[in-house]
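One letter stands for each residue in the lines below.
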Amino acid sequence: QVQLVESGGGLVQPGGSLRLSCAASGRIFSINAMDWYRQEPGKQRELVASSTSGGVTRYADSVKGRFTISRDNAKNTVYLQMNNLKPEDTAVYYCNMNIWKIFGKNYAEYWGQGTQVTVSS
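Notes on the structure follow.

Definitions and cut-offs
Residues numbered from 1 in each chain as written. Predicted model: local features only at pLDDT ≥ 70, side-chain atom pairs only at ≥ 80, totals over all residues. Heavy atoms only, no water. Core = buried A, V, L, I, M, F, W, Y, C linked by side-chain atoms within 4.5 Å. Buried < 20%, exposed > 50% of the residue type's maximum accessible area, 1.4 Å probe, protein only. Helix = DSSP H or I, 4+ residues; strand = E, 2+ residues; numbered from the N terminus. Contact = heavy atoms within 4.5 Å. Pairing = 2+ DSSP bridges. Axes fitted to C-alpha atoms, helices over the stretch in contact; angles between N-to-C directions.

**Examining the nonpolar core**
In globular proteins that are soluble, nonpolar side chains generally tend to be buried together.
Okay, so step 1: L4, W36, L80, M82, Y93, M97 and I99 are the most contacted members of the largest nonpolar core, which has 29 residues in total.
Okay, so step 2: Taken together, the elements giving at least two residues each to this core come down to β1 (2–7), β3 (18–26), β4 (28–39), β5 (46–51), β7 (67–72), β8 (77–82), β9 (91–101) and β11 (115–119).
Okay, so step 3: Element by element, the count of residues in this core is highest for β9, at five residues.
Okay, so step 4: Other than its neighbours up to four places away in sequence, Y93 contacts E6, L20, W36, Y37, R38, V48, F67, L80, M82, G114, T115 and V117.

**Topic: the sheet that holds β1**
Okay, so step 1: Spatially, β1-β3-β8-β7 is the arrangement adopted by the four strands of the open sheet, whose pairing is antiparallel. Looking along the sheet, the strands with just one partner apiece sit at the ends: β1 and β7. With direction set aside, neighbouring strand axes in the sheet form an average angle of 15°.
Okay, so step 2: With six bridges connecting them, β7 and β8 associate as antiparallel partners. Across the sheet, R71 pairs through a bridge with V78, a residue of β8.

Spelled out as structure tokens, the structure:
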């Protein structure tokens, strides 16, 4: 089995910072993409930031210059540093990884459990 566990969410004032972490564990052979998504109530889940195994990163326009995605491949962990947070960043944040399990036949998609980020004064 493969499990993704997130941490780091919480309540922060506008202009503040948070760092999210997502660690994968289990019978993992290789991880390709590591991404962060977010979802507000009643809205579709949206891609916030993505990171390939080759080091290429992409960001949603709404978070460019404020959020930074990084990864520690040795620890199977992805991070999302969020600075200058705004009320519109309030959402549940989910990590997503494309993982090739040991003895697996191809990459499969796995999701974290989600962590609430609330930006409010």
